[in-house]
Amino acid sequence: MDFFKKNKLIVSVVAICILMLGYVVWTTLVILNINRQLDYVAGHPYKAMSEVNKIQGIVSQTTAYLPILFSDSENNLAEIKNNLKAAQRKNEKSLTILKEIYLGNPHDLIVLETALNDLERILLKSAELFENDRNGDIEHGSVKEHFTAEIEPLKIQTEQAIKTVMASADRRVLLIKEDTDVRAERAIIYAIFSGFLIVFLMLCTLRNEFQKNRKLMQHQLVLQDALNSAKKANDAKRAFLARMSHEIRTPMNAIIGMTTIAFNYLDDRKRLTDCLSKITFSSKHLLMLINDVLDMSKIEDGKLNVSYEVFDLKKIMESLSDIHYPQAVAKGLSFEMVINGFDDEMLVGDPLRVNQILINLLSNAIKFTPQGGSIKLEIRKLRCQGDRLWLRFIVKDSGVGMKQSFLEHLYEPFEQANNSVAKKYGGTGLGMAITKNLVSLMDGTINVQSKEGEGTSFSVDLPFGLTEKAKAADPALDALKVLVVDDDRDCCEHASFLLQKMGVYVDWVLNGFEAVGKVKVALESGAGCYDVCFIDWCMPDLNGIETARRIREYTGPDALIIIISAYDWSEIEQQAREAGVNAFIAKPLFASTLYNTLLTVAQKGKLSDDGGKETLKYDFAGKKILLAEDNELNAEIAIELLKLAGLHVTHVENGQEAVEMFLQSAPGEFLLILMDIQMPLLNGYDAARKIRTSKHTAAASIPIIAMTANAFRDDVQTAIDAGMNGHIAKPIDVDALYKMIAKYM
């Protein structure tokens, strides 16, 4: 079958040749058969018919004219007898021929021969009779009567025999004609069929050739497209490598340069601090570039996975604010984060990927928005079904925007609007490709609207799982009255939504004047003052500080006044406290932040003014850690960071030494083990397995934390499978390191 599929043209040509040969052979055979039939007809039925006609002519002539000859006395009877004998000889000759070629019933010829013999005998007898009576008076009438009585019956009998033979010859001719017609019809049908079949095969051959040529052309087009794509990819990667060289060298130059400068200003603490800050920033920027390239590589290999774990959305938002708010302020941009329509904070999903998506979008918004512009991150609830929640993350800026033609290529790797973008704004051209792939991996969608010169808006829809809410509304909150003041209607509605779900009575207004009026009316009506006033700092006409001052004039010290803001309030904190402000809370507002604040008020406790953010200090004084690290510089950095938290560190250089040191230690001597992975003699995974399977009393309980540059999610899972408890990626995030250690204290 493969041969026929691969050689359709050859097979078709061979089939056509075979059909043509068959057609020629068949036609030749039919023609030969027709010729044979014609020869047969010419040599048999028609010849037989000819001889019979001769006999019939002789019989007719003899019986018709003989009576006349007999009646005329002048005729020579001897001559008449000679004529009769000559006719008899002719008939015998014709009979001889008929016996050779006649294909009918042989009895027909016997009957004919008998009839002829009888007729010839009676004719000769009649001639002799009339010859004897020649001298007498022979009348014509008597001759006629004699013929009628004696000869006519034999004549009729002879003619009947002749007709029988002639009819047989005619039937044979008809049969031959019918057979010839049938064969001719078959030949015509076969010719038509063969012609159609040949035409069909030729059309099929042409069609196959056309399809083959079309496929060949399509294949050539595909190859050409692939070649063009490969060239384009190579050009893009070449440009990417050139940009990456520039991008990597820029922070490296800063790190090396600032390090050199720092060495020359060791006695100038302020200058030294500035150099170290810039080194830290450049290092993080370099790490971001490396992570982008590695993430893109894993995406292209199909090895990037997402996890499903419980996480706190509030912490992600706080982290985003901590990262991007200072960048926006430094560039002269307004930065705002808003949550609307839901109070769920503990979600099930991949916090790392959510954080990465939003960081990419916000970083681009800040990068491409000129001074004086605005950036807004809004989170909305799309729908909730069972234990699934769909959220929409909207990142909107008033930046430079994008051309419609570029939007079609926005999510392609290494793509940037033009070379000037790379030169002016930097970047690898991988951020949006990574973002698109991460959104798809999380079963989400991403859309963009942009207009050059007006700004860009990205919307990302992602699904999350829900956890059971642990907290129920405290009955003490039912007695509280709260006033929310903000010029942003969405913020007021969201705060009102959260507070009402807690059982709190809440009013909201859109400016400071209405807020002062609300408080005044509440006091004058005797309905009682508001227990808590949440006031936005930045409002038109009457800002939050002035609104707080005027409200405080009416309420005295009884009401609690809290400034809510998306901005850093440190510069106005003193002024706000002088105006009567008790505390500060950062936007966006979360249910847990409002709940803890109101619960403190209801229980007459002292309200913290940390803005709802946790400030953790770590002190592990007296605790001992085993560190396995083969790189001397990495070991020095880790030891110094651990000592800053009061830890005592025992350092070994490979996995084998780590196993031996642990086995020699007393139970409880080490708080935990920090284990590098790629080490000589014995790697970190095998070392962890040996520790877990050892007979040491703490073998199963001592925490083992992987601290390695193998930073992918697969590496984390491999560490867990080897018996480790956690994973910290290099370069070391100090806060993450301390939190991990505190988790096992």
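Counting from 1, residues in each chain are numbered in the order their sequence is written. Since the coordinates come from a predicted model, pLDDT governs what is reported: local features require at least 70, and pairs of side-chain atoms require 80 or more to be given and counted, while whole-chain, interface and lining totals use all residues. The basis for every side-chain value is the complete set of non-hydrogen atoms in the structure, without hydrogens or water.

Novice: Help me out: how do you make sense of the pairing of strand E7 (residues 455-466) in this one?
Specialist: It is a general feature of regular strands that their side chains alternate between the two faces of the sheet. For each residue, the accessible area found with a 1.4 Å probe, counting protein chains only, is set against the maximum for its type, and the residue is called buried under 20%, exposed over 50%, and partly exposed in between. Counting from the N terminus, the helices are the DSSP runs of H or I reaching at least four residues and the strands are the DSSP runs of E reaching at least two. Within E7, eleven of the twelve residues are buried, which leaves the element mostly enclosed by the surrounding structure. For two strands to be treated as a pair, DSSP must find no fewer than two bridges joining them. Where strand E3 (residues 346-349) and E7 come together, two bridges link them in antiparallel fashion. Within the sheet, the bridge partner assigned to leucine 347 lies in E7 and is leucine 466. Summarising the sheet, strand E6 (residues 445-451) and E7 pair through seven bridges and their orientation is antiparallel.

Novice: How should I be thinking about the packing of aromatic side chains in this particular structure?
Specialist: Working definition: an aromatic ring pair is given by the centre-to-centre distance plus the angle between the planes. Here is the rule: rings of Phe, Tyr and Trp (six-membered ring for Trp) pair when centre to centre is within 6.5 Å. Planes less than 30 degrees apart are stacked, more than 60 are edge-to-face, and the remainder are tilted. All told, the structure shown has three aromatic pairs when counted by the stated rule. For the ring pair phenylalanine 393 and phenylalanine 464, a centre distance of 6.2 Å and an interplane angle of 70 degrees mean the geometry is edge-to-face. One end of the pair, phenylalanine 393, is in strand E5 (residues 388-397); the other, phenylalanine 464, is in strand E7, and 71 residues separate them in sequence. A network of ring pairs unites the aromatic residues Phe311, Phe393 and Phe464 as a single cluster. Its end group placed over the ring of tyrosine 265, arginine 271 keeps NZ or CZ at 5.4 Å from the ring centre. In this scheme, Lys NZ or Arg CZ marks a charge over a ring once it lies within 6 Å of the ring centre and within 35 degrees of the ring normal. Lying over the aromatic face of tryptophan 390, arginine 388 brings its terminal NZ or CZ to 5.8 Å of the ring centre.

Novice: Sorry if this is basic, but what is going on with a nonpolar patch on the surface here?
Specialist: Together, Ile188, Ile192 and Phe196 make up a nonpolar patch on the protein surface, roughly 330 Å² of accessible area in all. Within the secondary structure, isoleucine 188 is located in helix H6 (residues 140-264). A patch consists of residues whose relative accessible area exceeds 30% and which take part in no salt bridge; residues with like charges are grouped when within 9 Å of each other, and nonpolar side chains (Val, Leu, Ile, Met, Phe, Trp, Tyr) when within 5 Å. Note on areas: Shrake-Rupley with a 1.4 Å probe; residue coverage comes only from the protein chains shown. Definition used for salt bridges: Asp or Glu carboxyl oxygen within 4 Å of a side-chain nitrogen of Lys or Arg.

Novice: Is there a simple way to explain the confidence of the model for the protein chain in this structure?
Specialist: It should be kept in mind that the predicted coordinates are not to be read in detail where pLDDT is low. Of all residues in the protein chain, 75% have pLDDT values of 70 or greater, and the mean over the chain is 77. This model gives residues 611-616 a pLDDT under 50, and the stretch forms eleven contacts once residues within four places in sequence are excluded. A residue's pLDDT is simply how confident the predictor is in it, with values from 0 to 100. Note on definitions: a residue-residue contact is assigned when non-hydrogen atoms from the two residues lie within 4.5 Å.

Novice: How do you make sense of a negative patch on the surface when you look at a structure like this?
Specialist: His is not counted, nor are the chain ends, whereas Lys and Arg count as positive and Asp and Glu as negative. For charged residues, the charge sits on one atom: NZ in Lys, CZ in Arg, CG in Asp, CD in Glu. Residues Asp630, Glu632, Glu636, Glu640, Glu653, Glu657 and Glu660 make up a contiguous surface patch of negative charge. Contributions of two or more residues to the negative patch are made by helix H18 (632-644) and helix H19 (655-664). If one sorts the elements of the negative patch by residue count, H18 sits on top with three residues.

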